[in-house]
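Summary of structural features
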Number of protein chains: 2
Amino acid sequence: METGRSLVDAVRERCGRCSGRSVSICNVIDDEDLPALVAESSRVTVPAGRCFIREGAPAHDFYVLAGGRAKLFSLMPDGRRQVMGFAELGDFLGLASSDTYAFTAEALGDVTLCRFPHSSIDRLVERFPRLRGRLQQEASSELVKMQARLMLLGRKTARERLASFLVEQASPCRLHGQELRDGHGPLTLPLPMSRTDIADYLGLTIETVSRTFGLFRKEGLITVQGASSVTLLAPGTLSDMANGIRKD
Amino acid sequence: METGRSLVDAVRERCGRCSGRSVSICNVIDDEDLPALVAESSRVTVPAGRCFIREGAPAHDFYVLAGGRAKLFSLMPDGRRQVMGFAELGDFLGLASSDTYAFTAEALGDVTLCRFPHSSIDRLVERFPRLRGRLQQEASSELVKMQARLMLLGRKTARERLASFLVEQASPCRLHGQELRDGHGPLTLPLPMSRTDIADYLGLTIETVSRTFGLFRKEGLITVQGASSVTLLAPGTLSDMANGIRKD
DNA sequence: CGAGCAGTTGAACTTGGTCAATGCAGGTGG
DNA sequence: CCACCTGCATTGACCAAGTTCAACTGCTCG
């Protein structure tokens, strides 16, 4: 249980700033319940690029993401892909759904998971009563985030989509509840996902994402360090653009 | 409470075939609990076109839709609209969310609602224990539906979107669980929403929706009676098209 | 050093959007 | 009862955002 101990610490440490931005995933880990909860689970480690949930497969287990990040997506028969979300430390995966998983989950880097059989939910909720409220609350906030994604995919331009994405990626990095404004200094983000993943998340092609990154760079809104790190030079402008308040 | 009685009957009668396709709305009415639940609520009637939930307003109450249909949407500052869903009899509105509503709800025709203060949820769940499970289950299935909508808005063509919409509208009309196949005869649907609403639901313009209806008509996939009634002549073909299996 | 891959850039093309004219039905008032 | 008005739907012509296809860059890893 040594790894269990450090896992608890890691999860606890990050819990305050989890964003829970992904599909059917909830930051439901309660500080006090956490050690016992982690002790209940079987631990799984997944190497980069491996799928640990497969769309359409029978949904026996659900997972808590305990290290690394994952992308969640579905495919159409001809290969078109839609990334539903990116899962972070503390997110719950595979809870929502019927008897089969609604999406595939693939490790972005190496990933650590706690696995629980679906059938144990009731028992867990009984043992950790606060879990129930957190689950409800997070399912609810997940629905609100989904609505923002519907607006993004249905109505926003490529620029607005990428700006929304950057602002969203920034939110776990800034202080809780603080607004994004220019002048609060530049904000550097890691982007652990590929351009292809970003494109499939935003309903665009990789080329459009790349071009739009280029435009933002030319316009002095961002700088790029390699392909997996961005600095937001004008977060407030990007935030306004994301919301359609500002066109450029 | 005379109206209460008939309301219960109406809701009960339709409950079996509710589709619950809308945002943060759940078909959570339990046959046995229903009369007492309805008796708890204050009744509201809303004329066609009136908004009874406003995006961004403080979320004091939640509603059960007890008659008619409503559209749920959000707006961007410049007026772009995204319709998040259409609410039907038995759907719950305004449950998911923080302290403000995430969308505007507008009556499509005349609408009847049961209103409950948000603060009474705990009490209701205590009194009707099965409500809790239904709420969870429906929130979960709502998330699954949302993922289908992300795929639609992010990756599907105009033809696929409209086909998906028609198939979705058809689902409450066919027998539970029955697949859509050609040869099961034509299927006539009411479309209580305007072309504009359909367009804003599908992330298209009204013109594209109109043109695509025209194409489907020319191709012998549908016939149209007025603007608010369609007959699916080849539901199986439409279903395949909706899923990207077939292009035409 | 070279292969392979992700990302970037450019040019042609396509889909769906924009703008504008026309059609159609329901409602109102003469 | 009919002319007119209004609002929604349809259709057409043109346009633009974003996609497609292809070449090229730069990086990492044998």
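The sections below set out a description of the structure shown in this document. (Residues numbered from 1 in each chain as written. Chains lettered and ligands numbered in written order. Predicted model: local features only at pLDDT ≥ 70, side-chain atom pairs only at ≥ 80, totals over all residues. Heavy atoms only, no water.)

As for the packing of helix 5 (residues 158–170) of chain A against helix 8 (residues 235–242) of chain A
All names here are of chain A. It is the contact of helix 5 with helix 8, at a shortest axis distance of 8 Å, that shows an interaxial angle of 125 degrees. Of the possible angle classes, the one that applies to helix 5 and helix 8 is oblique. Regarding helix 5 and helix 8, the two cross each other, and that crossing is left-handed. Contacts from Arg159, Glu160, Ala163, Ser164, Leu166 and Val167 of helix 5 reach helix 8 at Leu238, Ser239, Met241 and Ala242. A per-class count over the contact of helix 5 with helix 8 returns 6 nonpolar, 2 polar and 2 charged. (Axes fitted to C-alpha atoms, helices over the stretch in contact; angles between N-to-C directions. Helix = DSSP H or I, 4+ residues; strand = E, 2+ residues; numbered from the N terminus. Parallel < 35°, antiparallel > 145°, perpendicular 65-115°, else oblique. Left-handed = near helix turned anticlockwise from the far one by under 90°. Contact = heavy atoms within 4.5 Å. Nonpolar A, V, L, I, M, F, W, Y, C, P; charged D, E, K, R; others polar.)

Here's the deal with the sheet that holds strand 6 (residues 92–93) of chain A
Where strands meet in a sheet, backbone hydrogen bonds hold them as pairs that are either parallel or antiparallel. Residues and elements named next belong to chain A. Pairing in this open sheet of 4 strands is antiparallel, and the strands run 1-8-3-6 from one edge to the other. Strand pairing shows two members of the sheet lacking a second neighbour, strand 1 (42–46) and strand 6, which therefore form its edges. Sheet topology places strand 3 (residues 61–67) next to strand 8 (residues 111–117); 6 bridges connect them, and they run antiparallel. The partner of Val64 across the bridge, within strand 8, is Cys114. (Pairing = 2+ DSSP bridges.)

Things to note about the protein's contact with DNA strand D
The full set close to DNA strand D counts 17 residues, and Ala158(A), Thr208(A), Arg211(A), Arg195(B) and Ser210(B) are the nearest of them. Sugar and phosphate atoms constitute 63% of the interface atoms of DNA strand D, taking the interface as everything within 4 Å of the protein. Between DNA strand D and Glu207(A), the relevant distance is 3.2 Å, taken from a base nitrogen to a side-chain nitrogen or oxygen of the residue. Arg211(A) is positioned such that a nitrogen or oxygen atom in its side chain is 2.8 Å from a base oxygen of DNA strand D. Contributions of two or more residues to the surface near DNA strand D are made by helix 7 (206–218) of chain A together with helix 6 (195–202) and helix 7 (206–218) of chain B. Residue contributions to the surface near DNA strand D peak at 5 residues, all from helix 7 of chain B. The residue makeup of the surface near DNA strand D, split by class, is 4 nonpolar, 7 polar and 6 charged. (Near = heavy atom within 4 Å. Polar contact = N/O pair within 3.5 Å; in protein donor to acceptor, adjacent residues only side chain to side chain.)

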